[in-house]
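Chain by chain, the residues run as shown.
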Amino acid sequence: MIRLGLTMYEARAYLALIKRDEYAAAQLASAAGIPRQRIYDVLDGLVRRQLATTRPGRVTSYRAVAPTQAVGLLLDEQRETLSQQEQLAHHLAESLTPTWSQGRDHTDPIDYIEVLRDPRTITSRFTTIQRNARYEVLCFAKPPFISLPSASAETLRMIRRLTRSGGCVRSVYTCDALDDPTTLDSLLNFANAGEGIRVTDELPLKLVIADQARVLFGMTDPVADADSTTALVIEHPALAITLREAFTTIWDKAEPLDKAVAAR
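Residues numbered from 1 in each chain as written. Predicted model: local features only at pLDDT ≥ 70, side-chain atom pairs only at ≥ 80, totals over all residues. Heavy atoms only, no water.

Structural notes on the pairing of strand β5 (residues 136–141)
Burial analysis of β5 places six of its six residues in the buried class, which makes it a mostly covered element. Taking every second residue as pointing to the same face, both faces of β5 are buried, with Glu136, Leu138 and Phe140 on one and Val137, Cys139 and Ala141 on the other. Strand direction decides the pairing type here: β5 and strand β6 (residues 168–174), joined by six bridges, are parallel. Residue phenylalanine 140 lies in a different strand from β6, and its bridge partner there is valine 172. Sheet analysis places β5 next to strand β8 (residues 206–210), joined by four bridges and oriented antiparallel. Residue cysteine 139 lies in a different strand from β8, and its bridge partner there is valine 208. (Buried < 20%, exposed > 50% of the residue type's maximum accessible area, 1.4 Å probe, protein only. Helix = DSSP H or I, 4+ residues; strand = E, 2+ residues; numbered from the N terminus. Pairing = 2+ DSSP bridges.)

Next up, the structure:
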């Protein structure tokens, strides 16, 4: 209950309240191990959040609402808080973007190229690209998956956000991705959320294209360890559009996910 937003004393008070029909404040303080001087503030907080009710009398008594109702109210509070934070983040990004753009007027000629080698950094950059996409995300995906399934929740949010606003999310996976039950379960969840998914035998590389302007692709290092991967992030519309044409060619030849799963 603390993780859902209650203070330690509020959680103690609620858990004590559900053990009997009602309590006077002094009785509850003793039962819950809460200092007498704090109990009224704690109860006022529970009543204000509709987790407890009062019954007037010579001595006011307190009752807990049903746990299912209480948990639902706490979840509603968490959703409202998250919604407010998302709005704040959106406004913050909008307000900072002009300053950021001005700061890029004097840049090195190749500042639009970013080289990544750490898997965690690659995963983080991939997540950021998804989060900032405005209308389209296209992917080539093949094992090993650095971010799947750990980033499934973030991917699902991106898919729902873009598809609800009329955007598009499409991915082509290699067939061996279907061999892993966890990966397959994630793919089915993505498809149910609105992502277009197709399957092919081979893919030349891992690739993400966002909004026909931003590209992330990974390449196995031919000199270093075969498992070593270097990723490039390039913000260049001409390159993004060219790679989008390559994506479309492979997409058109790939097999829809439902048919590939049925065949296996």
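Thoughts on the sheet that holds β6
Pairing is mixed across the open sheet formed by eight strands, whose spatial order is β4-β10-β9-β8-β5-β6-β7-β11. Single-partner strands in this sheet number two, and they are β4 (113–116) and β11 (255–256). Together, β5 and β6 form the strand contacts of helix α6 (residues 152–164), whose direction differs from that of β6 by roughly 135°. Together, β5, β6, β7 (196–200), β8, β9 (214–220), β10 (229–235) and β11 form the strand contacts of helix α8 (residues 237–253), whose direction differs from that of β6 by roughly 60°. (Contact = heavy atoms within 4.5 Å. Axes fitted to C-alpha atoms, helices over the stretch in contact; angles between N-to-C directions.)

Let's talk about the pattern of salt bridges
Across all of its chains, the model carries 14 salt bridges by this definition. Across the pair aspartate 21 and arginine 63 runs a salt bridge, and its minimum N-O distance is 3.2 Å. Of this pair, aspartate 21 sits in the loop between α1 (8–17) and β1 (23–24) while arginine 63 sits in strand β3 (residues 61–64); the two residues are 42 residues apart in sequence, bridging distant segments of the chain. Residue aspartate 21 is classed as exposed on the basis of its relative accessible area, which comes to 51%. Residue arginine 63 is classed as partly exposed on the basis of its relative accessible area, which comes to 30%. Residues arginine 55 and glutamate 22 are paired through a salt bridge, measuring 2.7 Å at the closest nitrogen-oxygen approach. In this pair, arginine 55 sits in strand β2 (residues 52–55) while glutamate 22 sits in the loop between α1 and β1, placing the two residues 33 residues apart along the sequence. For arginine 55, a relative accessible area of 41% puts it in the partly exposed group. Via salt bridges that share partners, Asp21, Glu22, Arg55 and Arg63 belong to a single interconnected network. (Salt bridge = Lys/Arg side-chain N within 4 Å of Asp/Glu carboxyl O.)

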